[in-house]
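Spelled out, the chains give:
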Amino acid sequence: MKKTTIIKYIAGVFLLCAATTGCNKDFLEKKPLNEYEETDVWNDVGLVQAFVNDLYVQMRPGFNEVMLSSMTDESRFIHDYNTSRVVQGNASADDPGALSDFARWDAHYKAIRNCNMFLEKVASVPFTDESQRTRMTGEVHFMRAWYYHLLVRYYGGVPLITKTFRIKGDEQEILSIKRATFDECIKFITAECDLAAQQLSRSYEAVASKGRVTVGGALALKARMLLFAASDLFDAKYAPNALMGYTSGSQTDRYKLAMDAADSVIKMNMYSLYQPTADPIENYTRVFLDKENPELIFVKQYDKALLGTSHDLYNGPNGYHNWGGNVPIENFVSGYQMKDGTPFSWSNVAQAKKPYDNRDPRFYATILYDGAKWKPRPSDGAKTDPIGVIQTGKYEAVNGKDSIWGLDTRNSTIENWNGTYSGYYMRKFMDKNLDAQFFRGDQSWIFFRYAEILLSYAEAAYGYGKEPEARDAVNKVRLRAGMPATTASGAALMAVIKYERRYELAFEEHRFFDARRWRDAETVFNENAKGIEVLGSLIAGHPFVYRVFSIQDRKFVKAKNYLLPIPANEIRKNNNLLQQEDYK
């Protein structure tokens, strides 16, 4: 490793210093960064800690301007940024569109190389406290599993590289690397999780270690990966080859492994569904805002002064001088059940007249819709709207003049270029006390939370034939949400589990993978994105009219879009990397 390369890793210590490393004066008085070489790093515990910290820094959270939800039936990104290539089925090995910022073949393998380097060097580091060596080794095993799990979820079987290569001398070996089978990748990732769990702590009391992965995080990753592997998409009856799934073995047995993995997190007795109030809307809202609540297993922390999140700015309504980027689409919104657990339908005359009444409480904590009370407007909108109510419609004027466009539309008098196309904005994760036009937020991005574990257990238990256990787990999530418990069985129970994953875990980067692994994507992602036109009135007693309309063409090519193609430039460098069957 060259001097110039090592600087990148040292920078991580300053990003995590306040939250995780407990930096001291001695460390800050080290030699200038541009003088560090590889031998310096592995002989200095502080620099080794910085190296490990950088693996956290490289973890991509979901608080990005383009969210993965906009490559699904949850939302649309209004500024496009090549997302349309993905949702219209035009991603290719040479041009994956916006997914290149998520699948990150190069970036993930660079992080994996750093993990390999650490594991090769850690034995020689002069730790005075052996618990530090153990803890960091556990963190790096988790990180290697994390980055591989991301690659496998996008690509299926990928090369399993567990050593660092020399720039000169290893050219032939580098060019002979092949993809490991899907089965080999799953076994490797879960083994790494087991190693990590053996070396990590169950929790960290010291402020300097907050934000570090724990035993619960390692076991949660194992549970996620095993449920993914047990899913229909990778079963022998569908997988075209061993790189893209299993060619033998029992899917039922794989569900048993996934169920046991989720159960290992449950049996830790460390986590619970967060219910700080009697109001299910408030409870669901606060899961994503309250720090260190008992539902959180592993998160990426933010500090407003150091590295705040711009989620509110990226996605808030344009009538608040925000960018309105990833807007929920009607395909998603219509799916929210009524509060009594029955489906919503635009064909139901009563429901169509008041579509936002009596819905699943999570709807109100996730979606900003026309008429939703939000927060005070900035000064240039407060005179028009002193209360702070979302306006995404066109309204009949009291004086009989031309109709008035809402402040949060693309005809807004405040801003007209960041307005929604769908008639909705995102509410989830938002801090209503934050003026996002000027300030960043400090909400944590949640990588793992207990609700996911319960839903993974429910699905795996169902797949293993344990319906009572599946029903009990899914009902815990429904009851916390203020929804009635289900008594369903058979296919109807699986439909409830799918519903809960879709709406409990909305916008948390699950839907992209869930719809694929269930083999539902060819149906649900093949529908055009829809929005809602709201024709209202400022005259008391005059009815509102709602019209669903198409806002974006979408297409899901069944054979090609379930897994991403291996990047063409990687295959050009190494023709031993076999391309996915449908991209050859």
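Residues numbered from 1 in each chain as written. Predicted model: local features only at pLDDT ≥ 70, side-chain atom pairs only at ≥ 80, totals over all residues. Heavy atoms only, no water.

On to the pattern of salt bridges. A complete count under the given rule lists 42 salt bridges for this structure. A salt bridge links Arg449 to Glu508, with the nearest nitrogen and oxygen atoms 2.8 Å apart. Residue Arg449 is found in strand E8 (residues 445–449), and its partner Glu508 is found in the loop between helix H22 (490–504) and helix H23 (511–517); the two are separated by 59 residues along the sequence. Relative accessible area serves as the criterion here: at 7%, Glu508 is assigned to the buried category. With its nearest N and O atoms 3.1 Å apart, the salt bridge here joins Glu581 to Lys584. By relative accessible area, which is 62% here, Lys584 ends up exposed. Within this structure, Glu295, Asp360, Arg362, Lys428, Arg449, Arg478, Arg480, Glu500, Glu504 and Glu508 form a network of salt bridges that share partners. (Salt bridge = Lys/Arg side-chain N within 4 Å of Asp/Glu carboxyl O. Helix = DSSP H or I, 4+ residues; strand = E, 2+ residues; numbered from the N terminus. Buried < 20%, exposed > 50% of the residue type's maximum accessible area, 1.4 Å probe, protein only.)

Time to look at the sheet that holds strand E10 (residues 545–552). Spatial ordering of the open sheet is given by E6-E5-E9-E10, a layout of 4 strands whose pairing is mixed. Edge positions in the open sheet fall to strand E6 (404–405) and E10, since each of these has one partner strand only. Bridge count between strand E5 (residues 394–396) and E6: 2 bridges; the pairing is antiparallel. Its bridge partner lying in E6, Tyr395 is registered against Ile404. (Pairing = 2+ DSSP bridges.)

The next subject is helix H12 (residues 251–266). Between its first and last C-alpha, H12 extends 23 Å over 16 residues, near the 22 Å set by a 1.5 Å rise per residue. Inspection of H12 places Gln251, Arg254, Tyr255, Ala258, Met259, Ala261, Ala262, Asp263, Val265 and Ile266 among the buried residues, and these make up the whole buried set. Looking at the packing, one finds that the buried side of H12 touches helix H11 (215–230), strand E2 (296–300) and helix H20 (450–463). A side-chain oxygen of the first residue of H12 lies 3.3 Å from the backbone nitrogen of Thr252; this N-cap is Ser250. (Expected span 1.5 Å × (residues − 1). Contact = heavy atoms within 4.5 Å. Polar contact = N/O pair within 3.5 Å; in protein donor to acceptor, adjacent residues only side chain to side chain.)

We describe a pair of aromatic rings using the distance from one ring centre to the other and the angle between the two ring planes. Tallied over the entire structure, the rule returns 46 aromatic pairs. Measuring from ring centre to ring centre gives 5.2 Å for Trp105 and Tyr109, while their planes differ by 55°; the resulting arrangement is tilted. Of this pair, Trp105 and Tyr109 both sit in helix H7 (residues 105–121), separated by 4 residues, roughly a single helical turn. We note that Trp105, like Tyr109, is buried. Arranged with centres 5.3 Å apart and planes meeting at 80°, the rings of Phe332 and Tyr336 form a pair that is edge-to-face. In this structure Phe332 comes out as buried when scored by relative accessible area, which is 0%. Sitting above the plane of the Tyr238 ring, Arg519 keeps its charged end 4.0 Å from the centroid. Between Arg519 and the ring centre of Tyr562, over which it is positioned, the NZ or CZ distance is 5.5 Å. (Phe/Tyr/Trp six-rings, centres within 6.5 Å; stacked < 30°, edge-to-face > 60°. Lys NZ or Arg CZ within 6 Å of the ring centre and 35° of its normal.)

Per-chain confidence: the protein chain averages 92 in pLDDT, with 92% of residues scoring 70 or above. Contacts of residues 1–35 to residues separated by more than four positions or lying in other chains number 63 contacts, the stretch itself having pLDDT below 50. (pLDDT = per-residue confidence, 0-100.)

What follows deals with the pairing of E8. For E8, the tally of buried residues reaches 5 of 5 residues, placing the bulk of the element in the interior. Direction of pairing for E2 relative to E8: antiparallel, over a ladder of 4 bridges. Bridged to Leu296 within E8 is Arg449.

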